[in-house]
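If you want the building blocks of each chain, they are given just below.
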Amino acid sequence: MDAPERFEQLIAFLSSNLPQPVEQQPDETGGIVFTGGSPAEVVAHLTSSRVAIAEYAGAWDTPYAFTMKPRRVGIVRWRRLPDTELMNAVTQLIKGARDMRLARYRTCRFCEKLQPPEWMHDEDLCVWCADREAGVVH
Ligand SMILES: [Zn+2]
């Protein structure tokens, strides 16, 4: 299989194997950034030679500006691997990144919802309940 065909195959593979829903955004060099999950769980960056898998992560620079800082777990040079091994490797990286991400979720002690770390005010209080509680105090 030639490279453009495999590139297309990888797009289809990532679209269906990342946590759903999957968003696709082009990068500046002809590659594609895939973000899977809602809230986001796994980020995949596909270029003409590599596919990089990362655990979704980010931080608030200010209360209104969130910066995405994915933690990369692995890069596969997809042109160098046969199809089956390539798909297996990418599948395992996606699974590992997702497990790491989900392990960081915490349950809020007030609303009892499981939230990703960027939505937690502290260890067991989400930002919405923290806001509400602060409102009650005043
Ligand atoms: Zn809460």
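Residues numbered from 1 in each chain as written. Predicted model: local features only at pLDDT ≥ 70, side-chain atom pairs only at ≥ 80, totals over all residues.

(A) Expanded view of the sheet that holds strand β7 (residues 71-77). Spatially, β1-β2-β3-β4-β7 is the arrangement adopted by the 5 strands of the open sheet, whose pairing is antiparallel. A strand with exactly one partner marks an edge of an open sheet, and here the two such strands are β1 (22-26) and β7. Going from strand to strand, the sheet's axes swing by 20° on average, the running direction of each strand aside. For β1 and strand β2 (residues 32-36), the ladder comprises 5 bridges, and the chain directions are antiparallel. Note on β2: the bridge partner recorded for Glu 23 is Thr 35. Seen against the sheet, helix α2 (residues 83-103) touches β3 (42-46), β4 (50-55) and β7 and runs at an angle of roughly 20° to β4. (Pairing = 2+ DSSP bridges. Helix = DSSP H or I, 4+ residues; strand = E, 2+ residues; numbered from the N terminus. Axes fitted to C-alpha atoms, helices over the stretch in contact; angles between N-to-C directions. Contact = placed C-beta atoms within 7 Å.)

(B) Region of interest: the nonpolar core. Of all hydrophobic cores here, the largest spans 22 residues; its most connected members are Val 42, Ala 44, Val 51, Ile 53 and Val 90. For this core, the secondary structure elements donating two or more residues are α1 (3-17), β3, β4, β7 and α2. In terms of residues, this core owes the most to one element, α2, which gives 5 residues. When near neighbours in sequence (up to four residues on either side) are disregarded, Val 90 contacts Phe 13, Val 51, Ile 53 and Val 76. (Core = buried A, V, L, I, M, F, W, Y, C linked by C-beta atoms within 7 Å. Buried ≥ 20, exposed ≤ 12 C-beta atoms within 10 Å, placed from the backbone.)

(C) Spotlight on the pairing of strand β5 (residues 58-62). Little of β5 is tucked away, with 0 of its 5 residues classed as buried. The pairing of β5 with strand β6 (residues 65-68) spans 4 bridges and is antiparallel. In the sheet register, Thr 62 faces β6, and the bridge partner there is Ala 65. Connecting β5 to the antiparallel partner β6 that follows it, the hairpin turn spans 2 residues.

(D) View of the domain arrangement of the protein chain. Splitting the protein chain by domain gives domain 1 (3-104) and domain 2 (105-138). A C-alpha centroid distance of 29 Å is found between domain 1 and domain 2. Each partner contributes to the interface: domain 1 provides 7 residues, whereas domain 2 provides 4 residues. Looking at which element gives the most residues to the side of domain 1 that touches domain 2, the answer is β5, with 3 residues. Broken down by class, the residue content of the side of domain 1 that touches domain 2 amounts to 5 nonpolar, 1 polar and 1 charged. (Domains from an automatic or database assignment. Nonpolar A, V, L, I, M, F, W, Y, C, P; charged D, E, K, R; others polar.)

(E) Representation of α1 within the structure. Taking 1.5 Å of rise per residue, 15 residues should cover 21 Å, and α1 covers 20 Å from first to last C-alpha, within 8% of that figure. Within the span of α1, buried status applies to Leu 10, Phe 13 and Leu 14. Axial view of α1: buried residues confined to an arc of 95°, hence all on one face. In this structure, α1 carries Pro 4, Glu 5, Glu 8, Ala 12 and Ser 16 as exposed residues pointing more than 90 degrees from its buried face. Buried-residue contacts for α1 involve β2, β3, β4 and α2. (Expected span 1.5 Å × (residues − 1). Arc of directions from axis to C-beta.)

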